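Topology and contacts: notes
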Amino acid sequence: MEKGLRIREESENVNNEKEYETIQELTARLRQEQTLPDAAFRALLQMESEQALECLYGNARQVQEAHYGKKVYARGLIEFTNYCRNNCYYCGIRCENRKAERYRLSENAIYSCAAEGYALGFRTFVLQGGEDIFFTKEKLGSIILHLKKLYPDCAVTLSFGEWDEQTYKYWFDCGADRYLLRHETADETHYQKLHPPEMSFADRRKCLRKLKEIGYQVGAGFMIGSPGQTLDTIVADLRFLQQLRPHMIGIGPFIPQQDTPFAAESGGTLEMTRKLLAILRLMFPKVLLPSTTALGSIHPKGRELGILSGANVVMPNLSPAEVRRKYQIYDHKLYSGCESAQSKRLLASQMASIGYELCMERGDSLM
Ligand code: SAH
């Protein structure tokens, strides 16, 4: 072997060895204390050797198993409208995207999705949509009431953006159990890079606080690799989550969408998403942590690898087949195969292939 090459390889080995020791130490500390200093979080996020990362993921799996066993909770996702009054730069259903084919499901179509899901065994329905003012407080309220009357044993989760406190309270009183509202980023300058000036960083955070006060099980979260994200903004996200203590945390890679201002940006990676899933599992042992569709969309085994990094929720799609391709918040979004609830069996066998069990219970937060 050429001498220079050998020296380089040896020094790489030494580096990997060192990285492994560091990650073992940091992972053990994070597992025990559920937090780390900023610099240690940044160091963890920069680890690259496979051996080191396996140590992080392995610890996350042990913590996940201690609380949830080998269960992965299934939620049925109903994307009920892609009309949106907002104009987030990353999102394919932003109001200025004239190419998006708009749709909204009728009340009856929503109930048939739920009926189909119920028959398949789903006990959580997630109503997700753009901020569509057609669905007024009363209209969505009556849909929630109706769903809870038909399926009192099911949880209803809303993922419908920013509304005022009375509206959130009204929907809660109608029976909504949970609310997903990703904070998107905890760094104000970064927030402004991702959103138009009329959207407010403070408002989004206020919504999350109000949702928690009202009594919802709350989900926050952020994209991995969004334009302008840095190790420091990620550490800010972790600190924000420590303050908020949400019941659920949704993270997934940013994926550029061709008809948005971020079309030419690069997307988030599988590795960074896996690292963050594992870190979040160690920080919040009982949190409900989905292996998202976005992760499944960037890698053929993305969803399984997410579970193997500490995630414990999957959210297959219950929306009618003909609207699924229209809810393109990013390019190449999965909407068939394992992504459709009808293929529940396929999803269950995917989970079984990595030693996990697809669990159809309501799966409320343990927090
Ligand atoms: N209108 C709702 C639901 C938005 S869609 C709300 O405001 O909460 C749900 C999540 O998809 C968003 O919170 C965002 O984090 C994510 N998302 C949007 N565009 C994306 C993209 N291009 N790549 C990856 N994730 C995206």
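I will try to describe carefully the structure that is included in this document. Note that the structure is a prediction, hence the values are computed from the model and not measured. (Residues numbered from 1 in each chain as written. Predicted model: local features only at pLDDT ≥ 70, side-chain atom pairs only at ≥ 80, totals over all residues. Heavy atoms only, no water.)

Here the focus is the overall build of the protein. Within the protein one finds 14 helices and nine strands. In summary, the protein has a C-alpha radius of gyration of 21 Å against a globular reference of 21 Å for 367 residues, a match within 12%. Each principal axis of the C-alpha distribution contributes one length, and for the protein these read about 70 × 45 × 40 Å. Expressed as a percentage of the 367 residues in the protein, the buried residues total 57%. Across the protein, the fraction of contacts at a sequence separation of at least 24, relative to all contacts at a separation of at least 6, is 76%. Surface accessibility of the protein: about 15,500 Å² in total, with carbon and sulfur atoms responsible for 49%. If the 47 positive side-chain charges of the protein are averaged to one point and the 46 negative ones to another, these points end up 4 Å apart. (Helix = DSSP H or I, 4+ residues; strand = E, 2+ residues; numbered from the N terminus. Rg over C-alpha atoms; globule rule 2.2 N^0.38 Å. Buried < 20%, exposed > 50% of the residue type's maximum accessible area, 1.4 Å probe, protein only. Contact = heavy atoms within 4.5 Å. Areas by Shrake-Rupley, 256 points an atom, 1.4 Å probe, with all protein chains shown as cover. Lys, Arg positive; Asp, Glu negative; His and termini not counted. Charge placed at Lys NZ, Arg CZ, Asp CG, Glu CD.)

Look at Q34: it is not a glycine, yet its phi comes out positive at around 60°. Along the chain, Q34 falls in the loop between α1 (3-33) and α2 (38-46). Phi at H332 takes a positive value of approximately 55°, unusual for a residue other than glycine. Among the secondary structure elements, H332 is positioned in the loop between α13 (321-324) and α14 (344-353). On the basis of relative accessibility, which here comes to 67%, the residue H332 falls in the exposed class.

Right, let's get into the sheet that holds strand β1 (residues 71-74). Spatially, the three strands line up as an open sheet ordered β8-β1-β9, and their pairing is parallel. Each edge of the sheet is formed by a strand with only one pairing partner; in this case those strands are β8 (313-314) and β9 (357-359). By the bridge criterion, three bridges tie β1 to β9 in an arrangement that is parallel. Bridge pairing in β9 places V72 opposite L358. On top of the sheet, α14 reaches β1, β8 and β9; it is set at about 135° to β9, its chief contact. (Pairing = 2+ DSSP bridges. Axes fitted to C-alpha atoms, helices over the stretch in contact; angles between N-to-C directions.)

Following both chains from N to C, one finds helix α9 (residues 231-244) and helix α10 (residues 270-283) inclined at 30°, their axes separated by 12 Å at the closest point. The angle between α9 and α10 places the two elements in the roughly parallel class. The hand of the α9/α10 crossing is right-handed. The residues of α10 that touch α9, namely those facing L231, I234, L238, L241 and Q242, are M272, L276, I279, L280 and M283. (Parallel < 35°, antiparallel > 145°, perpendicular 65-115°, else oblique. Left-handed = near helix turned anticlockwise from the far one by under 90°.)

Turning our attention to the pattern of salt bridges. For the coordinates displayed, the defined rule picks out 22 salt bridges. Here E33 makes a salt bridge to R29, at a shortest N to O gap of 3.5 Å. Taken together, the residues span about one helical turn, with E33 and R29 both in helix α1 at a distance of four residues. Under the relative-accessibility criterion, R29 is labelled partly exposed at 36%. As a salt-bridge pair, K99 and D259 come within 3.5 Å of each other at their nearest N and O atoms. Here K99 is found in the loop between β2 (76-81) and α4 (107-120), whereas its partner D259 is found in the loop between β7 (248-253) and α10, with 160 residues between them in sequence. (Salt bridge = Lys/Arg side-chain N within 4 Å of Asp/Glu carboxyl O.)

To continue, consider the environment of F125. Within the secondary structure layout, F125 lies in strand β3 (residues 124-129). Residue class for F125 comes out buried when judged on its relative accessible area of 1%. Here the alpha-carbon distance between F125 and T35, two residues 90 residues apart in the chain, equals 33 Å. Apart from residues lying up to four places away in sequence, F125 is in contact with G76, I78, A114, G117, Y118, Y151, C154, A155, V156, T157 and L318.

A few words on the packing of aromatic side chains. Scanning all chains against the criterion turns up 15 aromatic pairs. For the ring pair F134 and F135, a centre distance of 5.2 Å and an interplane angle of 85° mean the geometry is edge-to-face. An aromatic cluster is built from F80, F134, F135, F160, W163 and W171, whose rings are joined through pairwise contacts. Here K70 stacks its cationic end above the ring of Y356, 4.6 Å away from the centre of that ring. One cation-aromatic arrangement involves R274 over Y57; the distance from NZ or CZ to the ring centre is 4.0 Å. (Phe/Tyr/Trp six-rings, centres within 6.5 Å; stacked < 30°, edge-to-face > 60°. Lys NZ or Arg CZ within 6 Å of the ring centre and 35° of its normal.)

A separate point is the sheet that holds β7. Strand order in the open sheet made by the six strands is β2-β3-β4-β5-β6-β7, with parallel pairing throughout. The sheet terminates laterally at β2 and β7, the two strands that pair on one side only. With direction set aside, neighbouring strand axes in the sheet form an average angle of 20°. Of the pairings in the sheet, the one linking strand β6 (residues 217-224) to β7 comprises six bridges and is parallel in character. Its bridge partner being in β7, M223 is matched across the sheet by G252. Packing of helix α8 (residues 201-214) onto the sheet brings it into contact with β5 (178-180) and β6, and relative to β6 it is tilted by some 155°.

Listing the buried residues of α14 in full gives L347, Q350 and M351. An end-on view of α14 places all buried positions within 95° of arc, on one side of the element. In α14, the exposed positions that point more than 90 degrees away from the buried face belong to R345 and S353. Among the structural elements, β1, α12 (302-307), β8 and β9 are those in contact with the buried residues of α14. (Arc of directions from axis to C-beta.)

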